[in-house]
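Breakdown of the fold
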Amino acid sequence: MGEPIQALKKQINLLRGWPSPSFLPSEALKAATVRALSDPAVSVPGLQYGPDPGLRPLREALAAWLSRFYGGVPDPERICITGGASQSIANILASFTDPAVTRAVWVAAPCYFLACPIFEDAGFGGRMRAAPEDEQGVDVDALDKRMRRFDEAWERECPTDPDRVKKLRHRKLYRHLIYLVPTCANPSGKTMPLPRREALVRLARRHDALLLADDVYDFLQWPLDPPPSASSPPSFPSSPPPVSFPPSSPNLRLPRLSDIDARLPRREDEVADPARFGHAISNGSFSKIVAPGVRTGWVDASPAFSYGLSQTGASRSGGAPSHFAAVALWEMLRSGDLERRLRHVIVPALRTRHARVAAAVDALLVPLGVRTRRSSLLGADVYGGYFIWLALPDGVEAEAVARRARDAEALIIAPGELFEVYGDEASARFGRELRICFSWEEVEDVLEGVERLATVVKDVKEGRVPVNECSSAAGSLENAK
Ligand SMILES: Cc1ncc(COP(=O)(O)O)c(C=O)c1O
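Criteria and cut-off values
Sequence positions are assigned chain by chain, starting from 1 and proceeding in written order. Where totals are concerned, whole chains, interfaces and linings use all residues; where local detail is concerned, this predicted model gives features only for residues with pLDDT of at least 70, and gives and counts side-chain atom pairs only at 80 or more. Side-chain measures here rest on the full set of heavy atoms in the structure, leaving out hydrogens and waters. Relative accessibility thresholds used throughout: buried, under 20% of the residue-type maximum; exposed, over 50%; partly exposed, between the two (1.4 Å probe, protein chains only). Strands are runs of DSSP state E lasting at least 2 residues, helices are runs of H or I lasting at least 4, and numbering of each runs from the N terminus. A strand pair is defined by DSSP finding two or more bridges across the two strands. To get an axis, a line is fitted to the C-alpha atoms, and for a helix only the part in contact is used. The angle between two axes follows their N-to-C directions and goes from 0 to 180 degrees. Oblique is the label for any angle not under 35 degrees, not over 145, and not in the 65 to 115 range, which are roughly parallel, roughly antiparallel and roughly perpendicular in turn. Contacts: residue pairs with any heavy atoms within 4.5 Å of one another. Polar here means any residue other than Ala, Val, Leu, Ile, Met, Phe, Trp, Tyr, Cys and Pro, which are nonpolar, and Asp, Glu, Lys and Arg, which are charged; Gly is therefore polar. Working definition of a nonpolar core: buried Ala, Val, Leu, Ile, Met, Phe, Trp, Tyr and Cys residues. They are joined through side-chain atoms within 4.5 Å. An automatic or database domain assignment is the source of the domain bounds shown. Summed over both partners, buried area is the accessible surface (1.4 Å probe) that two parts give up on being assembled. Should a side-chain nitrogen of Lys or Arg be within 4 Å of a carboxyl oxygen of Asp or Glu, the pair is scored as a salt bridge. Identification of polar contacts relies on pairs of N or O atoms within 3.5 Å, with a donor-acceptor requirement for protein atoms, meaning one able to donate a hydrogen and the other able to accept it, and with residues adjacent in sequence counted only if both atoms are side-chain atoms. To be near a molecule or strand, a residue needs just one of its heavy atoms within 4 Å of it. Only the protein chains shown count as cover for residues, and the accessible areas themselves come from Shrake-Rupley with a 1.4 Å probe.

Quick notes on the pairing of strand 13 (residues 387–391)
- Most of strand 13 sits inside the fold, with five of its five residues counted as buried.
- Inspection of the sheet shows strand 11 (residues 371–372) paired to strand 13 by two bridges, in the antiparallel sense. If you follow Thr372 over to strand 13, its bridge partner there is Leu390.

Here it is in structure tokens:
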């Protein structure tokens with residue numbers, strides 16, 4: 001009997017969507033925490049229950065920082081501190097949806113798959129629908145048609161019983177929810193251009209839908225460098241130039257859906273919004289710009305929406321989530337440490353990683369017929385986030401590749417099926433796609449992973465793979481993201 005492959009080869013995990021340990025700011029967080037605990041004016045309120053909408057100084061600092069990045073006038077009333085993007089989705093669903101009123105949750109497909117269980121928990125099992133994407137993100141016209149058809153059926157078959165509807169103060173129940181990652185999406189890497197964003201906001205207003213945008217990769221973007229000319233020695237990617245903050249290219253800081261909703265005049269064919277909750281919110285997170293373990297994020301939305309979110313029962317009882325972490329993050333933000341690390345550590349490292357991994361994909365996978373996206377935003381030289389999305393050649397199934405990669409190469413990769421919308425898989429299939437993450441493993445290991453993947457794609461393509469009866473590749477999903 002041969003030795004199991006795991007004993008022969010080091011496992012490489014390109015499925016896990018975590019930051020590299022080298023991105024984690026232990027020293028900066030330690031300094032921020034010591035400063036916070038050394039001053040009773042900060043430590044006492046920081047160790048008590050926090051105000052429902054979160055630590056006021058952090059809300060102010062965030063509003064100022066976000067407005068430097070995205071433009072606009074800083075308004076702390078728009079900010080509600082959350083326990084990170086995931087927990088925030090759960091609270092938004094608790095406060096602004098009700099399966100008796102909210103007809104469906106439309107999920108941009110391919111989707112961030114771990115959002116689906118949050119929708120299930122909130123009562124939307126069986127009522128998630130794919131919002132298919134094209135090269136520019138959500139196909140708004142197709143979504144509009146699907147929503148209209150859905151509404152017609154709903155109005156025929158599912159009259160709402162008013163006695164079963166949640167009665168919540170300071171909040172409203174939306175008729176639909178649309179979930180997406182508009183910038184450097186997980187998993188596709190795509191960024192939606194401005195006209196698409198505007199069209200989506202218009203659609204949300206017409207259907208009284210809430211656009212819930214996970215804007216967790218917006219700060220992790222960089223310009224793509226021109227390939228070095230044949231005559232000059234390549235200076236990149238070993239030492240990329242620093243990235244300015246806010247970025248000089250408008251392509252790197254498109255307005256969020258929430259910014260567009262706040263600025264775009266309302267039209268007559270759009271649902272009235274007398275209490276001004278709006279139809280788009282930005283769900284931000286410190287997970288990718290500081291560390292996932294801080295479990296802190298923010299919602300940037302209309303003041304009415306942010307206040308309503310702060311009135312979610314769990315926040316009224318416990319105060320804002322992650323309150324002490326919020327104090328340390330405020331210290332990191334006001335001292336400039338957060339921005340310095342982003343500018344000098346995290347973004348340059350991701351940029352170098354991406355350049356090297358994209359070059360390896362071009363050299364090893366593209367000749368095998370694998371297709372990939374060069375830029376996050378069509379027509380612009382920008383990339384961002386953690387992921388590269390690959391389309392396999394005809395006849396090569398992602399599930400077979402992922403299984404073979406795991407069993408023969410100790411390589412863990414995410415097959416496209418993982419990113420199909422729960423319960424509506426048939427509407428947007430990804431059986432030929434794969435996602436690889438370039439942020440977690442050391443870059444030399446990511447490169448080795450691409451090499452191993454090329455071997456597997458070749459083997460599967462040329463039919464050299466024994467029929468394998470064992471479990472599906474999605475077995476290796478613990479701690480994925
Ligand atoms: C699109 C998206 N949303 C949310 C999360 C989780 O965010 P948080 O750690 O803030 O809960 C992730 C993590 O990978 C993600 O990619």
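After that view of the structure, there is still more to cover.
Observations concerning the packing of helix 3 (residues 40–47) against helix 12 (residues 323–334)
- Where helix 3 meets helix 12, the closest approach of the two axes is 8 Å, and the angle between their N-to-C directions is 150°. Of the possible angle classes, the one that applies to helix 3 and helix 12 is roughly antiparallel. The segment helix 3 lies against helix 12, with Val42, Pro45, Gly46 and Leu47 engaging His323, Phe324, Val327, Trp330 and Glu331.
- When grouped by side-chain class, the residues that make up the contact of helix 3 with helix 12 number six nonpolar, two polar and one charged.

Some details on the nonpolar core
- With 120 residues, the main nonpolar core has Phe119 and Phe305 as its most contacted residues.
- The residues that make up this core include at least three from each of domain 1 (5–17 + 339–460) and domain 2 (38–335).
- Discounting chain neighbours no more than four positions away, the residues touching Phe305 are Ile92, Phe96, Tyr174, Leu210, Phe277, Ile281 and Val299.

Notes on the sheet that holds strand 11
- With respect to topology, four strands assemble into an open sheet ordered 11-13-16-15, the strand pairing being antiparallel. Unpaired on one side and paired on the other, strand 11 and strand 15 (414–415) mark the two borders of the sheet.

Things to note about the domain arrangement of the protein
- Taken domain by domain, the protein consists of domain 1 (5–17 + 339–460) and domain 2 (38–335).
- Across the domain 1 to domain 2 interface the summed buried area is about 4100 Å²; carbon plus sulfur atoms make up 65%.
- The largest share of the area that domain 1 buries against domain 2 comes from Glu339, Arg351 and Tyr422, three residues that together contribute 19% of it.
- Ionic pairing is found between Asp424 and Arg146, a salt bridge with its closest N-O pair at 3.0 Å.
- In this structure, the connection of domain 1 to domain 2 is made through 16 residue pairs in polar contact (both at pLDDT 80 or more).
- When contributions to the side of domain 1 that touches domain 2 are tallied by element, the ones reaching two or more residues are helix 13 (337–365), strand 12 (382–384) and strand 13.

Quick word on the side chain of Asp300
- Inspection of the secondary structure assignment puts Asp300 in strand 10 (residues 297–300).
- On the accessibility criterion, Asp300 (5% relative accessible area) is buried.
- At a separation of 2.9 Å, a polar atom in the side chain of Asp300 contacts the side chain of Arg78.
- A distance of 3.2 Å separates the side chain of Asp300 from the side chain of Arg256, its partner in a polar contact.

Some points on the site of the ligand
- Neighbouring the ligand are 15 residues; Ser86, Asp214, Tyr217, Ser285 and Ser287 lie closest to it.
- Here Ala85 contributes a backbone N or O atom positioned 2.7 Å from an oxygen atom of the ligand.
- Between the ligand and the protein, one listed contact pairs an oxygen atom with a side-chain N or O atom of Tyr217 at 2.6 Å.
- Taken by itself the ligand offers 400 Å² of open surface, and the protein chains cover 97% of this.
- By residue class, the composition of the shell around the ligand is six nonpolar, five polar and four charged.

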